[in-house]
Amino acid sequence: HQGTVDSAGVGTNKGLLVLGRVIRALAQGEATQRAPFRDSSLTRLLQSSLSGSAVTQMMVCVGPSAREAAETGRVLGYASAARSVRIAPRETEVRDLVDDDPMLHDTPDP
């Protein structure tokens, strides 16, 4: 490791951290405008699914090992928060244009 930082790992961890914040905000019933979707590329990509316009599923992995008990507890807490998000999926028309794509004119994460 020698003090170097893996930028891909940092980006992944940031995306997952922000995803947790978005799920918590949505689970607490805050308006989707207050959820921090713009704080990472991952949440911007998932915004239409997470904001209630699509049916969304989450799968988590847990381990039976006593060594993994703390991590399993965190994962189950995360999944429980995600489960409490209430969505109202609606049928939409598929368009050929990508003008409404939130990533079209966006800048990369710092």
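The model shown is predicted, which means the values in this text are computed figures rather than measured ones.

The subject of this paragraph is the overall build of the protein. When you go through the protein residue by residue, the secondary structure sums to 3 helices and 0 strands. Secondary structure of the protein in N-to-C order comes out as α-α-α. Burial statistics for the protein: of 110 residues in total, 19% are counted as buried. When the accessible area of the protein is evaluated, it comes to approximately 8600 Å², of which 54% is carbon and sulfur surface.

Bringing the nonpolar core into the picture now. Membership of the largest hydrophobic core is limited to 11 residues, which are Val 18, Leu 19, Val 22, Ile 23, Ala 25, Leu 26, Ala 35, Phe 37, Leu 50, Ala 82 and Val 85. Sorting elements by how many residues they give to this core places helix α1 (residues 7-27) first, with 6 residues.

Roughly 320 Å³ of internal volume is contained in the second largest pocket. Secondary-structure elements contributing two or more residues to the lining of the second largest pocket are α1, α2 (41-53) and α3 (69-83). For the lining of the second largest pocket, the per-class residue count stands at 9 nonpolar, 3 polar and 1 charged.

With that settled, consider the pattern of salt bridges. Between side chains of opposite charge, a pair can form when the charged atoms approach closely. Scanning all chains against the criterion turns up 1 salt bridge. Across the pair Glu 71 and Arg 74 runs a salt bridge whose closest N-O atoms are separated by 2.7 Å. On the criterion of helical spacing, the pair formed by Glu 71 and Arg 74 is a turn pair, its members being 3 residues apart in helix α3. Residue Arg 74 is classed as exposed on the basis of its relative accessible area, which comes to 54%.

Now for α1. In this model α1 runs 30 Å from its N-terminal to its C-terminal C-alpha over 21 residues, within 8% of the 30 Å that 1.5 Å per residue would give. Two residues or fewer after α1 comes Gly 29, characterised by a positive phi angle close to 85°.

Counting all residues, the mean pLDDT for the protein is 78, and 74% of those residues have values of 70 or more. The least confident element of the protein, judged by mean pLDDT, is α2 at 82; the most confident is α3 at 88.

On to the side chain of Thr 72, then. With respect to the helices and strands, the residue Thr 72 is situated in helix α3. Under the relative-accessibility criterion, Thr 72 is labelled buried at 15%. Setting aside residues no more than four positions away along its own chain, Thr 72 makes contact with Val 62 and Gly 63.

Calculation notes
- Residues numbered from 1 in each chain as written.
- Predicted model: local features only at pLDDT ≥ 70, side-chain atom pairs only at ≥ 80, totals over all residues.
- Heavy atoms only, no water.
- Helix = DSSP H or I, 4+ residues; strand = E, 2+ residues; numbered from the N terminus.
- Buried < 20%, exposed > 50% of the residue type's maximum accessible area, 1.4 Å probe, protein only.
- Areas by Shrake-Rupley, 256 points an atom, 1.4 Å probe, with all protein chains shown as cover.
- Core = buried A, V, L, I, M, F, W, Y, C linked by side-chain atoms within 4.5 Å.
- 1 Å grid on protein atoms, 1.4 Å probe; cavity = no way out; pocket = protein on both sides within 12 Å on 5 of 7 lines; lining within 4 Å.
- Points joined across faces, edges and corners; volume = space filled by probe spheres on them.
- Nonpolar A, V, L, I, M, F, W, Y, C, P; charged D, E, K, R; others polar.
- Salt bridge = Lys/Arg side-chain N within 4 Å of Asp/Glu carboxyl O.
- Expected span 1.5 Å × (residues − 1).
- pLDDT = per-residue confidence, 0-100.
- Contact = heavy atoms within 4.5 Å.

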